[in-house]
Amino acid sequence: MTAQRKYRAAPRKDVQPLTLDGFSSLESLQKLAKSGEVVEASSTGILLKFKRDDFVDKTLRSNLSIDQLVGQSVYFNIHEMNLEISGKVARTKFLGKKEGYLVAVDYSADAPEYWRECLMDLLPAG
């Protein structure tokens, strides 16, 4: 077991790519990205993938780092499930110019544990 996995709050589940209808700031209601996809999930967080062109804000599109999102409260809608989820951006990672970015959102404070466990059962495995 690696050190990183040892400290994880919940086991991760690879999911079939699910599309996002939008990704917005919960505080300002500003739309941050017009689309994206869910690539991995756990009962405490969701890993999202965005391409540079997905971002609406010009400053997010023009920078290699989107670390300014870390700590922001956000919400997004998973299209296939018609489900809105809110949480806080825990971390971001630049994958490369063509690949885009990974954004980890922790939603454990905004949803009860039972609901989060049920969501994990409903997400299609990848």
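Here is what the cut-offs are and how they apply
Residues numbered from 1 in each chain as written. Predicted model: local features only at pLDDT ≥ 70, side-chain atom pairs only at ≥ 80, totals over all residues. Heavy atoms only, no water. Buried < 20%, exposed > 50% of the residue type's maximum accessible area, 1.4 Å probe, protein only. Helix = DSSP H or I, 4+ residues; strand = E, 2+ residues; numbered from the N terminus. Arc of directions from axis to C-beta. Contact = heavy atoms within 4.5 Å. Patch = residues over 30% accessible without salt bridge, like charges linked within 9 Å, V, L, I, M, F, W, Y side chains within 5 Å. Areas by Shrake-Rupley, 256 points an atom, 1.4 Å probe, with all protein chains shown as cover. Salt bridge = Lys/Arg side-chain N within 4 Å of Asp/Glu carboxyl O. Lys, Arg positive; Asp, Glu negative; His and termini not counted. Charge placed at Lys NZ, Arg CZ, Asp CG, Glu CD. Core = buried A, V, L, I, M, F, W, Y, C linked by side-chain atoms within 4.5 Å. Phe/Tyr/Trp six-rings, centres within 6.5 Å; stacked < 30°, edge-to-face > 60°. Pairing = 2+ DSSP bridges.

Asks: With reference to specific residues and values, describe helix H3 (residues 113–122).
Replies: Residues of H3 that are buried: Arg116, Leu119 and Met120. Projected down its long axis, H3 carries its buried residues within an arc of 100°, all on one side. H3 presents Tyr114, Asp121 and Leu122 as exposed residues on the side facing more than 90 degrees away from its buried surface. Elements that come into contact with the buried residues of H3 comprise strand S1 (13–25), strand S3 (36–41) and strand S6 (83–96).

Asks: Summarise a positive patch on the surface; cite the residues concerned and give the values.
Replies: Taken together, the side chains of Lys31, Lys34, Lys58 and Arg61 present a region of like positive charge at the surface. Along the chain, the position of Lys31 falls in strand S2 (residues 31–33). What makes Lys31 partly exposed here is its relative accessible area of 39%.

Asks: Could you give me a rundown of the pattern of salt bridges, with the residues and numbers involved?
Replies: Scanning the entire structure with this criterion turns up one salt bridge. A salt bridge links Glu99 to Lys49; its shortest N-O distance comes to 3.1 Å. In this pair, Glu99 sits in the loop between S6 and strand S7 (100–106) while Lys49 sits in strand S4 (residues 45–50), placing the two residues 50 residues apart along the sequence. On the basis of relative accessible area, Glu99 is assigned to the partly exposed category, the value being 41%.

Asks: Could you give an account of the nonpolar core, naming the residues involved and the relevant values?
Replies: Grouped together as the largest cluster of nonpolar side chains are 29 residues, with contacts concentrated most on Phe23, Leu48 and Phe76. Top contributing element to this core by residue count: S1, with four residues. Excluding residues within four positions of it along the chain, Leu48 makes contact with Leu20, Phe23, Glu37, Val38, Phe76, Tyr101, Leu102, Val103 and Val105.

Asks: Account for the packing of aromatic side chains, with residues named and values stated.
Replies: Inspection of the entire model under this criterion finds six aromatic pairs. Ring geometry for Phe50 against Phe55: centres 5.5 Å apart, planes inclined by 40°, an arrangement best described as tilted. Ring geometry for Tyr107 and Trp115: centres 6.3 Å apart, planes at 85°, overall edge-to-face. Here the aromatic cluster, defined as three or more aromatic residues joined through ring pairs, consists of Phe23, Phe50, Phe55, Phe76, Phe94 and Tyr101.

Asks: I'd like a description of the pairing of S3, backed by residues and values.
Replies: Within a regular strand, the side chains alternate between the two sheet faces. In this sheet, S3 lies alongside S1 in antiparallel orientation, the contact comprising five bridges. The residue bridging Thr19 from the neighbouring strand is Glu37, located in S3. As paired elements, S3 and S4 share four bridges and run antiparallel to each other. Looking at S4, one finds that Glu37 is bridged to Lys49. The hairpin turn running from S3 into S4, its antiparallel successor, is three residues long.

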